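Inside the fold
What follows is each chain in one-letter form.
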Amino acid sequence: MAEIKPFKGYFYNQQNAGNLDNLVSPPYDIIDSDYREKLVRTSEFNITNLLLPYSNENENYYQRVKNTFNTWIEKKIILQDESENFYFLRQNFLYKNEKIERIGFFGILSLKDVKNVVRHEHIIKKYSEDRKKLLETAKTNFEPIFLLYEDGEYLLDKIIVEEKNSFQNTEFENIKNSFGRIKNKELFSPLLDKIKNNLLYIADGHHRFSASLEAYLKNQDSVPENILVYFTNLLSKNLLILPTHRLIYSNIPWNKIIQAITPYFSIERFINFSSLTEALSKAGDNSFGVYGTGRFYLWKLINRKNIEKFLPYSNIEEWSKIDVVILHYFILKEIFKLSPEEKIFYERDEKLIFEKAKKDPKNFVFFLNPTDINDLKIISQKGGILPAKTTYFYPKIPSGLIFYKAT
């Protein structure tokens, strides 16, 4: 049974730190080096200064982060709340010209019993180790993990309607974020009772969750027992999953690739980028937009049974039909002969990755459709692990809205 608790959050004191728009950032794992430099230039107090090391920084990074955060607290750049609370977050944005509001709340989750927390994504050990060292040194969660719960009564919607008093507001990357304390404890208790007894699905933060749990189990006396979590309803119609597209570099001649792929996929050529992406959006499961050697193609799998022998978890039907699984375990591994260690460039914005690909004729881009949330749920329940960046839950939770520091 999950233990979800209120806490005394830490947040920016905008009187001393400046406008919150200049202080927040995306989660650390989607910030590249160029974007990092842009973010840290917005303010000396931007949270990115703590999330990612400088390019020439060594292991002193972890101690520097601890010292810097403690200094910010001493100088009242960061303030701690006076009482324990749960906190709400409203995120308003446009997607394909539709106005959407996603709601959720922040609490802390005890790591003593997390049997009902299930994951779906492959973890890369070096990234998990990095976040573990940061936690062990700073004793602080600078970002929440993102968990999904199921509630067909939509209790949080009823609670948030009553909560008007946001005190941290920022518009970041075209998302309006309104953050405040949840005051109505009577309405909130039934939701907590429901959540703690049901499965919780990791949407974002697999490495941070793994790092926190491993650190706590190894040394319970000196590592925080709790982890900062953002919760939202898996059943909400406003839960949006976007695809992450892939760019690879390959020396294999295009005619050999086509020869190898033709027994398994039907191939249709398109005249330009926009016609390809439009066709992909209507193509259904196991279809890929492909850009290579200046040409645009739609690859559509003819029969999944023909490639099942290449898929390690083919006994989980939902797992073996996921587009990203077929891309990584069959197309990239068997057709392009790429090992798991070879670099893949990931990008959510299809136009940006297309522009990057055009710079070298040996670049190939695979455009994908989004993963279905119900497939993700079933795969998680059955223990199937998907490739990294299978999902992109949009929008991300801004880092810098709230922190949890163990006492």
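Description of the structure in this document. Here the residue numbering is sequential within each chain, running from 1 through the sequence in written order. Only residues with pLDDT of at least 70 are given local features in this predicted model, and only at 80 or more are side-chain atom pairs given and counted; all residues enter the totals for whole chains, interfaces and linings. The basis for the side-chain values is all heavy atoms of the structure; hydrogens and waters are excluded.

Structural notes on the overall build of the chain
Just so we agree on the cut-off: Elements are defined by DSSP. Helices are runs of H or I of four residues or more, strands are runs of E of two residues or more, and each kind is numbered from the N terminus. Within these notes, the globule rule equals 2.2 Å times the number of residues to the 0.38 power, and the radius of gyration is based on C-alpha atoms. To sort residues, take the accessible area from a 1.4 Å probe on protein chains only and compare it with the maximum for the residue type: under 20% means buried, over 50% means exposed, and anything in between is partly exposed. By definition, residues are in contact when any of their heavy atoms lie within 4.5 Å. Each accessible area is a Shrake-Rupley estimate made with a 1.4 Å probe; only the visible protein chains count as cover when residues are assessed. The convention is simple: Lys and Arg are positive, Asp and Glu are negative, and His and the chain ends are not counted. The atoms used to mark charge sites are NZ of Lys, CZ of Arg, CG of Asp and CD of Glu.
Scanning the chain from terminus to terminus reveals 14 helices and 21 strands. A compact globule built from 407 residues would reach a C-alpha radius of gyration of about 22 Å, and the chain, at 22 Å, matches this within 12%. Here the chain holds 407 residues, and the buried ones make up 54% of them. Within the chain, counting contacts between residues at least 6 apart in sequence, those at least 24 apart form 79% of the total. Taken as a whole, the chain presents about 19,100 Å² of accessible surface, with 47% of it coming from carbon and sulfur. Computed over 57 positive and 52 negative side-chain charges, the inter-centroid distance for the chain is 3 Å.

Let's talk about the nonpolar core
Put simply, the test is: Residues belong to one nonpolar core when they are buried, are Ala, Val, Leu, Ile, Met, Phe, Trp, Tyr or Cys, and are joined through side-chain atoms within 4.5 Å.
In this structure, Y12, F142, F265, W299, I331, F336 and F366 are the most contacted members of the largest nonpolar core, which totals 82 residues. If you tally residues by element for this core, the top one is helix α12 (residues 323–335), at eight residues. Sequence-distant contacts of Y12, defined by excluding residues within four places in its chain, comprise A17, L20, L23, F45, N46, I47, W72, I77, I78, Q168, G400 and F403. Membership of the second largest hydrophobic core comes to 33 residues, among which are A2, L156, I159 and V223.

Looking at empty space enclosed by the protein
Here is the rule: A pocket here means an open set of points on a 1 Å grid, computed over the protein atoms alone, that has protein on both sides within 12 Å along at least five of seven lines. A cavity is instead a set of points where a 1.4 Å probe fits but cannot get out; residues with an atom within 4 Å of a point line either one. Grid points are joined across faces, edges and corners, and a volume is the space filled by probe spheres set on the points. Gly is placed with the polar residues, together with every amino acid not listed as nonpolar (Ala, Val, Leu, Ile, Met, Phe, Trp, Tyr, Cys and Pro) or charged (Asp, Glu, Lys and Arg).
The final tally for this structure, using the stated rule, is two cavities of 30 Å³ or more. Each pocket or cavity is described by its volume, and for the largest cavity that value is around 170 Å³. For the largest cavity, the lining is made up of 15 residues, of which R131, T140, N141, F142 and R208 are closest to its centre. Split into classes, the residues belonging to the lining of the largest cavity amount to nine nonpolar, three polar and three charged. Here the second largest cavity is characterised by a volume of approximately 70 Å³.

A word on the sheet that holds strand β17 (residues 295–301)
What counts is decided by this rule: When DSSP locates at least two bridges between a pair of strands, those strands are taken to pair. Axis lines are fitted through C-alpha atoms, for helices just across the contact stretch, and the angle between N-to-C directions can take any value from 0 to 180 degrees.
On the basis of which strands lie adjacent, the open sheet formed by six strands has the order β15-β17-β16-β19-β14-β18 and antiparallel pairing. Pairing within the sheet leaves two strands with one partner each, and these edge strands are β15 (265–270) and β18 (345–347). Strand-to-strand twist of the sheet, defined as the mean angle between neighbouring strand axes without regard to direction, takes the value 25°. As defined by bridge partners, strand β14 (residues 245–249) adjoins β18 across three bridges and the pair is classed as antiparallel. When the bridges of β18 are listed, R246 appears paired with Y346.

Some thoughts on helix α14 (residues 373–382)
Selection criterion: In this description, the arc belongs to the directions extending from the helix axis to the C-beta atoms. In protein, a polar contact means a hydrogen-donor-capable atom and an acceptor-capable atom, both N or O and within 3.5 Å, with residues adjacent in sequence counting only if both atoms are side-chain atoms; elsewhere, any N or O pair within 3.5 Å suffices.
Of the residues making up α14, those classed as buried are I373, D375, L376, I379 and S380. Viewed end-on, α14 has its buried residues packed into an arc of 155°, placing them on one side of the element. The inward-facing, buried residues of α14 abut β6 (117–118), β8 (145–149), β11 (200–204), β13 (240–242), α11 (317–320) and β20 (392–394). A side-chain oxygen of the first residue of α14 lies 2.9 Å from the backbone nitrogen of N374; this N-cap is D372. Where α14 terminates, the next one or two residues include G383, which has phi positive at roughly 85°.

What about the packing of helix α6 (residues 155–162) against helix α7 (residues 185–196)?
Stated precisely, the cut-off is as follows: Convention used here: angles under 35 degrees read as roughly parallel, angles over 145 as roughly antiparallel, angles from 65 to 115 as roughly perpendicular, and any remaining angle as oblique. Note: crossing handedness is left-handed where the near helix turns anticlockwise from the far helix by less than a right angle, and right-handed where it turns clockwise.
Relative to each other, α6 and α7 sit at 160°, their axes nearing to 10 Å. In this view, α6 runs roughly antiparallel relative to α7, as classed from their interaxial angle. Crossing geometry of α6 relative to α7 is assigned as left-handed. Two secondary-structure elements touch here, α6 through L155, L156, I159 and E162 and α7 through L187, F188, P190 and L191.

Comments concerning the pattern of salt bridges
Rule in force here: A carboxyl oxygen of Asp or Glu within 4 Å of a side-chain nitrogen of Lys or Arg is what we treat as a salt bridge.
Applying the stated criterion to the full structure yields 20 salt bridges. Among the salt bridges present, the one from K132 reaches E129, with a minimum N-O distance of 3.9 Å. Separated by three residues within a single helix, K132 and E129 lie in helix α5 (residues 125–138), roughly one turn from each other. Here K194 and E153 are joined by a salt bridge, their closest N and O atoms 2.7 Å apart. Here K194 is found in helix α7, whereas its partner E153 is found in the loop between β8 and α6, with 41 residues between them in sequence. Judged by relative accessible area, E153 falls into the partly exposed class, the value being 45%. Taken together, the shared-partner salt bridges connect K125, E129, K132, E136, E214 and K218 into one network.

Here's the deal with helix α2 (residues 33–42)
For α2, the full list of buried residues reads R36, L39 and V40. Angular distribution of buried residues about the axis of α2 spans 95°; they occupy a single face of the element. Residues D34, K38 and R41 are exposed on α2 and point more than 90 degrees away from its buried face. At its buried positions, α2 is contacted by α3 (48–51) and β9 (166–172). Its side-chain oxygen 3.3 Å from the backbone nitrogen of D34, D32 forms the N-cap of α2.

What to know about the pairing of β8
Counting buried positions along β8 gives five out of five residues, so the element sits mostly inside the fold. Pairing of β8 with strand β12 (residues 226–233), which is carried by five bridges, proceeds in the parallel orientation. Residue pairing for β12: L147 is matched across the bridge by F231. For β8 and β11, the ladder comprises three bridges, and the chain directions are antiparallel. Across the sheet, F146 pairs through a bridge with D204, a residue of β11.

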